[in-house]
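# Fold and geometry: a report
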Amino acid sequence: NDINITGNNIIFSGFQFIAGNIGEAYLIEVSGSFNLLSELNFNGYSAKKYIQIQAGSQYNEIRNCNIENKPVTAAVGCTVQISTSPTVVGYHKIRYCTFKNFPGPGGDYGNEPIRIGLSTEMTNISRTIVEYCFFNNVGPGDGESISLKSTENLCRYNTFTNNPKGMLVFRHGYRNVAYGNFFLNGSGGIR
């Protein structure tokens, strides 16, 4: 269960990752460009990160995936990490994905469903789009449902429900935009 996508124009689709454990490792790492990860199901799987898009890659898309029940005993790490470059704009997309039932202590400990950049990358231009995703009960795992830590990203048409402690967070970076998102049933809103 160590998947590395280093080529371009690859479709990786239709796999399930259920109740496995690879400890501190990353499950899927993408360093190529123009790749599509779709129809992937992660349920109860223990890994530090499920999907890592490497800095320097471009135009990768994560679409129609389900991520749920990351075990509280799993290594702390966001399930989807978009890394950014100071010289290469990413233009990645995360679309039509569901993130559900993240247990844990809450707070800002790096266990969020989606993180775009790191604090040290706040001036890097990513231009990642997160759209039409569904977040349900992820606040117990981390205080951030989406953590923006880079520049010129867009979050639109996402639905957050039953997330009293999980927010869409403009943590670091510049010129990030959020519009058309829905916060229902006591969800935390935007920080």
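For the structure, check the block above.
Before going into details, it helps to say that this report is about the structure given with it. Predicted, not measured: the structure shown is a model, and the values here were computed from it.

### Considering the overall build of the protein
- Within the protein, the secondary structure is distributed over zero helices and 21 strands.
- Its C-alpha atoms give the protein a radius of gyration of 15 Å, within 12% of the compact-globule value 16 Å for 191 residues.
- Across its three principal axes, the protein shows a C-alpha extent of roughly 40 × 40 × 25 Å.
- The buried share of the protein, reckoned over its 191 residues, is 53%.
- For the protein, restricting intrachain contacts to residue pairs at least 6 apart in sequence, the fraction spanning at least 24 positions comes to 74%.
- Carbon and sulfur atoms provide 51% of the accessible area of the protein, an area that totals close to 7900 Å².
- Once the 15 positive and 13 negative side-chain charges of the protein are each reduced to a mean point, those two points are 5 Å apart.

### Quick look at the environment of Y132
- Considering the arrangement of structural elements, one finds Y132 in the loop between β14 (129-131) and β15 (134-136).
- The class for Y132 is partly exposed, based on a relative accessible area of 37%.
- Residues Y132 and C97 lie 35 residues apart in sequence; the distance between their C-alpha atoms is 7.3 Å.
- For Y132, the contacting residues outside a window of four places in its chain are Y96, C97, R156, Y157 and N158.

### A look at the environment of I10
- For I10, the position within the fold is in the loop between β1 (3-5) and β2 (11-13).
- In this structure I10 comes out as partly exposed when scored by relative accessible area, which is 33%.
- In this structure, the C-alpha to C-alpha distance between I10 and V30, residues 20 residues apart in sequence, is 10 Å.
- Not counting the four nearest positions on each side in its chain, I10 is found in contact with I5, F34, N35 and L36.

What counts as what
- Residues numbered from 1 in each chain as written.
- Predicted model: local features only at pLDDT ≥ 70, side-chain atom pairs only at ≥ 80, totals over all residues.
- Heavy atoms only, no water.
- Helix = DSSP H or I, 4+ residues; strand = E, 2+ residues; numbered from the N terminus.
- Rg over C-alpha atoms; globule rule 2.2 N^0.38 Å.
- Buried < 20%, exposed > 50% of the residue type's maximum accessible area, 1.4 Å probe, protein only.
- Contact = heavy atoms within 4.5 Å.
- Areas by Shrake-Rupley, 256 points an atom, 1.4 Å probe, with all protein chains shown as cover.
- Lys, Arg positive; Asp, Glu negative; His and termini not counted.
- Charge placed at Lys NZ, Arg CZ, Asp CG, Glu CD.

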